[in-house]
Amino acid sequence: MFRFFSKRGRSQDRRKLSPRESERASLKHRSKHIVICKIILLDNTDLTIELPKKAVGKELLEQVFYTLDLIETDYFGLQFTDHNHVKHWLDATKRIKKQVKIGPPYTLSLRVKFYASEPSNLHEELTKYLMFLQLKQDILTGKLETAPDTQMAVELAAFVLQSELGDYEEEIHTPAFVSEFRFVPNQTEDFEVQALEAYKGKKGQNPAQAELNYMNKSKWLEQYGVDMHRVMGKDGQEYGLGLTPTGLLVYEGTQKIGLFFWPKMTRLDFKGKKLTLVVVEDDEDGKEKEHTFLFRLHNQKACKHLWKCAVEYHAFFRLQTAPQSRTQRQGFLRMGSRFRYSGKTEFQTAQLNRARR
């Protein structure tokens, strides 16, 4: 009897866990056997996906694309941030837990990895919509720059309003109503009035048409589809290296000072924090001459990330088919590296789209 009461007393003394603590304890227990991933989608909603503990990136990518019913998958990727605040794309061939160190849950964002060279060639409405959401986000955050006082920015805002609200109605769509929308950084009241006026002229466009028009206009922005990385040159100055479908752009501040075309690059390699680029150009006599450029990044992971992004950009936009094995050189793959681009190229994606039509 004494033993019974002493046990009951101990159980009453045991502190009851709060709902949040219970959830955390449950998560810790489950995470021993599975990988719990939280995926932030482009409309700012999220979904939770559970996979076996040893699952690789491909399994998560396939599960996300299956859940969304996304067909043109090669334009998209899952991005995560490491402890050094460097963003990385999830590698389809490696274990998730070996790549994403912060978690559980392991948080990744669905993002556009490769921006369509020609948005009109996209086949699926969902692909176009997600591309539209990404561009809208890029412009709002300033990643894709467009001065808020330009006609381009005003027109883009008008397409957003047409997509979101349908045709203009004077009684409803007032300047105060429009001011609830965010289009560009440092948005002004004058800009909102101009956007409202431009919106009146978009009458008759359904959401899909307005979104495609938004993309077709965005593609003319100078930094459309540019994946920008900050580097230090030999002179100690900071530069921007922008990966594009045609090659590698070099920026000093906001000014574009150079472009290296993919076919002219004979070597792109990294060692530690240093990235080496070798370019062949014709001299005054028409003879080919090699030029070597050395760039430094903040840490080794950032350097390797830039190199991998360059490999993937080159493969997606310049090759007809991606290398299928390590013996197939991609042009400037790092010697000894097992990394290669494993998806479809833009050429292959366009061919598949033509076949669907």
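Our subject is the structure that appears above.
In this text the structure is predicted, and so the values were computed from the model without any measurement. (Residues numbered from 1 in each chain as written. Predicted model: local features only at pLDDT ≥ 70, side-chain atom pairs only at ≥ 80, totals over all residues. Heavy atoms only, no water.)

(A) Molecular detail of the nonpolar core. One finds Ile39, Leu60, Leu78, Leu108, Phe183 and Leu275 to be the most contacted residues of the largest nonpolar core, which totals 85 residues. With 10 residues, the single largest contributor to this core is helix α10 (residues 300-318). Residues within four places of Leu78 in sequence aside, it is in contact with Ile39, Leu60, Leu61, Val64, His88, Trp89, Leu90, Leu108, Ser109 and Leu110. (Core = buried A, V, L, I, M, F, W, Y, C linked by side-chain atoms within 4.5 Å. Buried < 20%, exposed > 50% of the residue type's maximum accessible area, 1.4 Å probe, protein only. Helix = DSSP H or I, 4+ residues; strand = E, 2+ residues; numbered from the N terminus. Contact = heavy atoms within 4.5 Å.)

(B) Focus on helix α5 (residues 125-141). The end-to-end C-alpha separation of α5 is 24 Å, in line with the 24 Å expected for 17 residues at 1.5 Å each. Listed as buried for α5 are Thr127, Lys128, Leu130, Met131, Phe132, Leu133, Gln134, Leu135, Asp138 and Ile139. Lining the buried residues of α5 we find β3 (76-81), β5 (106-112), α6 (151-165) and α9 (207-218). Backbone geometry just after α5 places Gly142 at a positive phi near 85°. (Expected span 1.5 Å × (residues − 1).)

(C) Local environment of a positive patch on the surface. A cluster of basic side chains, namely Lys53, Lys54, Arg95, Lys97, Lys98, Lys101 and Lys301, defines a positive patch on the protein surface. Structurally, Lys54 is set in the loop between β2 (46-52) and α3 (57-68). Lys54 sits in the exposed class, given a relative accessible area of 54%. (Patch = residues over 30% accessible without salt bridge, like charges linked within 9 Å, V, L, I, M, F, W, Y side chains within 5 Å. Areas by Shrake-Rupley, 256 points an atom, 1.4 Å probe, with all protein chains shown as cover. Salt bridge = Lys/Arg side-chain N within 4 Å of Asp/Glu carboxyl O. Lys, Arg positive; Asp, Glu negative; His and termini not counted. Charge placed at Lys NZ, Arg CZ, Asp CG, Glu CD.)

(D) Main features of unusual backbone geometry. A cis amide bond links Gly103 with the next residue in sequence, Pro104, at an omega value of 0°. Among the structural elements, Pro104 can be located in the loop between α4 (96-99) and β5. In this structure, the amide linkage connecting Pro104 to the following residue, Pro105, adopts the cis form with an omega of -10°. Residue placement: Pro105 occurs in the loop between α4 and β5. Although it is not a glycine, Asn186 adopts a positive phi angle of roughly 55°. Among the structural elements, Asn186 can be located in the loop between α7 (175-178) and α8 (189-200). Taking the relative accessible area as the measure of exposure, Asn186 reaches 69% and is therefore exposed.

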